[in-house]
Amino acid sequence: MTELLEKICGTAKDAGKIILEGSEKIRSLTVENKTGHGNFVTEYDSRVQTFLIDRLSKILPEAHFLGEENGIEVFKEEYSSGFTFVLDPIDGTTNFIKGWSESVTSIGLLKDGAPYIGVVYNPFSDWLYYGEKGQGAYLNGERIHTSEEPLENALTIIGTAPYYPELTDKCFVLGREAVRRSIDIRRGGSAATDLCRLASGQAGMFFELRLGLWDFAAASLILTEAGGEIMDIKGEPLKYNSASSVVALSKGVSRSQAAWVFDT
Ligand code: IPD
Ligand code: CA
Ligand code: CA
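Just so it is clear, the model here is predicted, and its values are computed rather than measured. (Residues numbered from 1 in each chain as written. Chains lettered and ligands numbered in written order. Predicted model: local features only at pLDDT ≥ 70, side-chain atom pairs only at ≥ 80, totals over all residues. Heavy atoms only, no water.)

Chemist: Describe the site of ligand 1, listing the residues and the values that go with them.
Modeler: Around ligand 1, the surrounding shell holds 16 residues, and the nearest of these are Asp 91, Gly 92, Tyr 163, Ala 191 and Glu 208. At 2.6 Å from an oxygen atom of ligand 1 is found a side-chain nitrogen or oxygen belonging to Glu 208. Taking 370 Å² as the accessible area of ligand 1 by itself, protein coverage stands at 96%. Those elements giving two or more residues to the shell around ligand 1 turn out to be strand 4 (83-91) and strand 12 (205-211). Classifying every residue of the shell around ligand 1 by side-chain character gives five nonpolar, four polar and seven charged. (Near = heavy atom within 4 Å. Polar contact = N/O pair within 3.5 Å; in protein donor to acceptor, adjacent residues only side chain to side chain. Areas by Shrake-Rupley, 256 points an atom, 1.4 Å probe, with all protein chains shown as cover. Helix = DSSP H or I, 4+ residues; strand = E, 2+ residues; numbered from the N terminus. Nonpolar A, V, L, I, M, F, W, Y, C, P; charged D, E, K, R; others polar.)

Written as structure tokens, this is what we have:
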């Protein structure tokens, strides 16, 4: 592991301590609504993001920051050159508020607009996923690979794009198809975790009709380093400069097996 990756992993683990501290206080959390259906933010989302920026800017002073909270969520042109950290301080905020133990901190690092490092840490399970371009993907020190099973022998993880009610019908038409064509579906509530579960072979396919860049920037690198493929709903490469639909496949699930999910 390079020194840079090691420092980012350490930062994610320390961010996890703040998330765990918040999880002890879920009955007294300050929860506010954001734009969209069922879209919440807590004092801990902001607190973790502030912590991440503080630590990461010492590790890589020249880097730009894009994060889900505190008004730094708009992608600026200059983020496409040099280093840019893309942060989701708590991915799975609803899980966090409701006491489900599937919330992670997600740190993506783009280099010249393309994924370079990805770190996703779940402090509840102590699962640390990480990867660096060309160096493979790991879970707690063990190399991970996507599954080689065909779709009929695999699970499909779906994300419901909950903040966009106009996408619900389409999501469930595709979800019904996924139940028929794979073993079953799962819905975890943290897109970064969903992609990492795919990376470590727990599922064959993932889709969500709209995600923020911070939801997938880190985990997409981990997934591709584990042998998976990631694209948008048209089958086009992700652009890493905006929100997008996301379809991700394991080694065992070809685009033709997943043809039903794509907008053609
Ligand atoms: C959300 C989670 C969820 C996904 C949503 C995301 P948040 O992120 O990843 O699984 O369905 O689309 O926005 O708001 O908890 O950081
Ligand atoms: Ca998120
Ligand atoms: Ca979040």
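Chemist: Break down the coordination of the calcium ion (ligand 2) for me, with residues and values.
Modeler: Within the first shell, the calcium ion (ligand 2) binds the protein through Asp 88 (OD), Asp 91 (OD) and Asp 215 (OD), at distances of 2.0 to 2.2 Å. Considered as a linear motif, the donors of the calcium ion (ligand 2) on their single chain read D-x2-D-x123-D. For the pair the calcium ion (ligand 2) and the calcium ion (ligand 3), the metal-to-metal distance amounts to 3.7 Å, and Asp 88 bridges them. Of this pair, Asp 88 sits in strand 4 while Asp 215 sits in helix 6 (residues 213-225), and the two are 127 residues apart along the sequence. Its relative accessible area of 11% is what places Asp 215 among the buried residues. (Donors = N, O, S within 2.8 Å, 3.2 Å for Na, K, Ca; no water. Buried < 20%, exposed > 50% of the residue type's maximum accessible area, 1.4 Å probe, protein only.)

Chemist: Would you mind going over the packing of helix 1 (residues 3-23) against helix 2 (residues 43-59) in detail, with residue names and values included?
Modeler: A packed helix pair is summarised by two numbers, namely the angle formed by the two axes and the spacing between the axes. In the contact formed by helix 1 and helix 2, the axes pass within 10 Å of each other and the chain directions differ by 160 degrees. Taken as axis vectors, helix 1 and helix 2 run roughly antiparallel relative to one another. Along this stretch, helix 1 crosses helix 2, giving a crossing that reads as right-handed. Of the residues in helix 2, those in contact with Leu 4, Lys 7, Ile 8, Gly 10, Thr 11, Asp 14, Ala 15, Ile 18, Ile 19, Glu 21 and Gly 22 of helix 1 are Tyr 44, Arg 47, Val 48, Phe 51, Leu 52, Arg 55, Leu 56 and Ile 59. Tallied by class, residues from the contact of helix 1 with helix 2 come to 11 nonpolar, three polar and five charged. (Axes fitted to C-alpha atoms, helices over the stretch in contact; angles between N-to-C directions. Parallel < 35°, antiparallel > 145°, perpendicular 65-115°, else oblique. Left-handed = near helix turned anticlockwise from the far one by under 90°. Contact = heavy atoms within 4.5 Å.)

Chemist: Requested: an account of the pairing of strand 7 (residues 127-132), with residues and values cited.
Modeler: Burial of strand 7 is extensive: five of the six residues sit out of reach of the surface. Note: strand 6 (residues 114-122) against strand 7, six bridges, orientation antiparallel. Looking at the pairing, Gly 118 lines up with Gly 131 of strand 7. Counted along the chain from strand 6 to the antiparallel partner strand 7, the turn is four residues long, and its residue Asp 126 has a positive phi close to 60 degrees. Sheet analysis places strand 7 next to strand 8 (residues 137-139), joined by three bridges and oriented antiparallel. (Pairing = 2+ DSSP bridges.)

Chemist: Break down the nonpolar core for me, with residues and values.
Modeler: Core analysis: the largest hydrophobic core is formed by 35 residues, its most contacted members being Val 120 and Phe 206. Elements represented by at least two residues in this core include exactly strand 5 (104-111), strand 8, helix 5 (191-199), strand 12, helix 6 and strand 14 (244-249). For this core, the leading source of residues is helix 6, giving eight residues. Residue contributions to this core reach at least three from each of two domains, namely domain 1 (3-143) and domain 2 (151-261). Every residue in contact with Phe 206, bar those within four places of it in the chain, is listed here: Ile 157, Ile 158, Gly 159, Ala 191, Asp 194, Leu 195, Leu 198, Leu 211, Val 246, Val 247 and Ala 248. Judged by nonpolar contacts, the second largest core, of 30 residues, contains Ile 18, Leu 52, Leu 109 and Tyr 130. (Core = buried A, V, L, I, M, F, W, Y, C linked by side-chain atoms within 4.5 Å. Domains from an automatic or database assignment.)

Chemist: Residue-level account of the coordination of the calcium ion (ligand 3), with values.
Modeler: Around the calcium ion (ligand 3), the protein contributes the donor atoms Glu 68 (OE), Asp 88 (OD) and Ile 90 (O), at 2.2 to 2.3 Å from the metal centre. Of note, the donors binding the calcium ion (ligand 3) are all from one chain and are spaced E-x19-D-x1-I. Ile 90 gets classed as buried once you look at its relative accessible area, which sits at 1%.

Chemist: How would you sum up the domain arrangement of the protein? Please name residues and give values.
Modeler: Interfaces are often sized by the accessible area lost when the parts come together. Its domain assignment divides the protein into domain 1 (3-143) and domain 2 (151-261). Just the C-alpha atoms count here: the centres of domain 1 and domain 2 sit 20 Å apart. Between domain 1 and domain 2, a total of about 2500 Å² is buried, with carbon and sulfur atoms accounting for 63% of that surface. The largest share of the area that domain 1 buries against domain 2 comes from Glu 102, Pro 115 and Tyr 129, three residues that together contribute 22% of it. Note that Glu 102 is salt-bridged to Arg 197, the shortest N-O span being 2.7 Å. Run the count over domain 1 and domain 2 and you get eight residue pairs in polar contact (both at pLDDT 80 or more). Of all the elements in the fold, those that place two or more residues in the side of domain 1 that touches domain 2 are strand 3 (64-67), strand 4, strand 5, strand 6 and strand 7. Per element, the largest residue contribution to the side of domain 1 that touches domain 2 is six residues, and it comes from strand 6. Grouping the amino acids of the side of domain 1 that touches domain 2 by side-chain chemistry returns 16 nonpolar, 15 polar and eight charged. (Buried area = accessible area lost by both parts, 1.4 Å probe. Salt bridge = Lys/Arg side-chain N within 4 Å of Asp/Glu carboxyl O.)

Chemist: Could you give me a rundown of the pattern of salt bridges, with the residues and numbers involved?
Modeler: The final tally for this structure, using the stated rule, is 16 salt bridges. Between Glu 3 and Lys 7 there is a salt bridge, and its shortest N-O distance comes to 3.2 Å. Taken together, the residues span about one helical turn, with Glu 3 and Lys 7 both in helix 1 at a distance of four residues. A cluster of three or more residues bridged by salt bridges with shared partners is formed by Asp 14, Lys 17 and Arg 55.

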